[in-house]
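What follows is each chain in one-letter form.
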Amino acid sequence: MAVNKKTTYGKINITSKAIASVVANAAIECYGVVGLTSKNAFSDRVQSILKKDEYVKGVNVSQDKKSVYISLYLVISFGVKITEVLREVQKKVNYVVSKTFDLEVKEVNVYAVNLRKID
């Protein structure tokens, strides 16, 4: 599934994988985020942190004609205020996707799947 845009210079096709990659990199930069985990972590009971090249598996991107819906599955650092971390991730992801791709982001759903203590 790809987002199609028309500009004065021609057509642009943006894949969901490209959006997911930008979203994952924006989320991982936020304070309190340890990493991303698979969106199937709820059912699999295996909540391991994904490697950097697999971050796309922790992001789900869907779309309407002009809007994008994003879901993230995060591992949060133990000892931080979870609601603040999730709110900051939502704001940053919304801002980065809007500015990078010039797309309207309708929803950014962030799920804290696991907590990890950082040594």
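Rules used throughout
- Residues numbered from 1 in each chain as written.
- Predicted model: local features only at pLDDT ≥ 70, side-chain atom pairs only at ≥ 80, totals over all residues.
- Heavy atoms only, no water.
- Helix = DSSP H or I, 4+ residues; strand = E, 2+ residues; numbered from the N terminus.
- Buried < 20%, exposed > 50% of the residue type's maximum accessible area, 1.4 Å probe, protein only.
- Patch = residues over 30% accessible without salt bridge, like charges linked within 9 Å, V, L, I, M, F, W, Y side chains within 5 Å.
- Areas by Shrake-Rupley, 256 points an atom, 1.4 Å probe, with all protein chains shown as cover.
- Salt bridge = Lys/Arg side-chain N within 4 Å of Asp/Glu carboxyl O.
- Expected span 1.5 Å × (residues − 1).
- Arc of directions from axis to C-beta.
- Contact = heavy atoms within 4.5 Å.

The phi dihedral of Asp 102 falls on the positive side, at around 55 degrees, and the residue is not glycine. By the element assignment, Asp 102 lies in the loop between helix H3 (82–101) and strand S6 (104–116). Taking relative accessible area as the criterion, Asp 102 reaches 59% and is therefore assigned exposed.

Another aspect to go through is a nonpolar patch on the surface. Nonpolar side chains collect at one region of the surface, where Phe 78, Ile 82 and Leu 115 lie side by side and expose about 270 Å² of accessible area between them. Structurally, the position occupied by Phe 78 is in the loop between strand S5 (67–77) and H3. For Phe 78, a relative accessible area of 56% gives the class exposed.

So, about helix H1 (residues 16–28). Taking 1.5 Å of rise per residue, 13 residues should cover 18 Å, and H1 covers 18 Å from first to last C-alpha, within 8% of that figure. Of the positions making up H1, those classed as buried are Ile 19, Ala 20, Val 23, Ala 24, Ala 26 and Ala 27. Seen from one end, H1 has its buried residues packed into an arc of 165 degrees, which puts them on one side. Along its buried surface, H1 packs onto strand S1 (2–7), strand S2 (10–15), strand S3 (33–36), strand S4 (59–63), S5 and H3.

Looking now at the environment of Ala 18. Tracing the sequence through the fold places Ala 18 in helix H1. Accessibility expressed as a relative area gives 30% for Ala 18, which makes it partly exposed.

As for its placement among the helices and strands, Leu 103 is situated in the loop between H3 and S6. On the basis of relative accessibility, which here comes to 8%, the residue Leu 103 falls in the buried class. Not counting the four nearest positions on each side in its chain, Leu 103 is found in contact with Val 3, Lys 5, Ile 19, Val 68, Val 97 and Ser 98.

Throughout the structure, instances matching the rule amount to four salt bridges. A salt bridge links Arg 87 to Glu 84, with the nearest nitrogen and oxygen atoms 2.7 Å apart. Taken together, the residues span about one helical turn, with Arg 87 and Glu 84 both in helix H3 at a distance of three residues. According to the relative accessible area criterion, Glu 84 is partly exposed, its value standing at 33%. For Lys 91, the salt bridge is made with Glu 88, and the minimal N-O distance between the two is 3.2 Å. In this pair, Lys 91 and Glu 88 both sit in helix H3, three residues apart, roughly one turn of the helix. You can call Lys 91 partly exposed: its relative accessible area is 48%.

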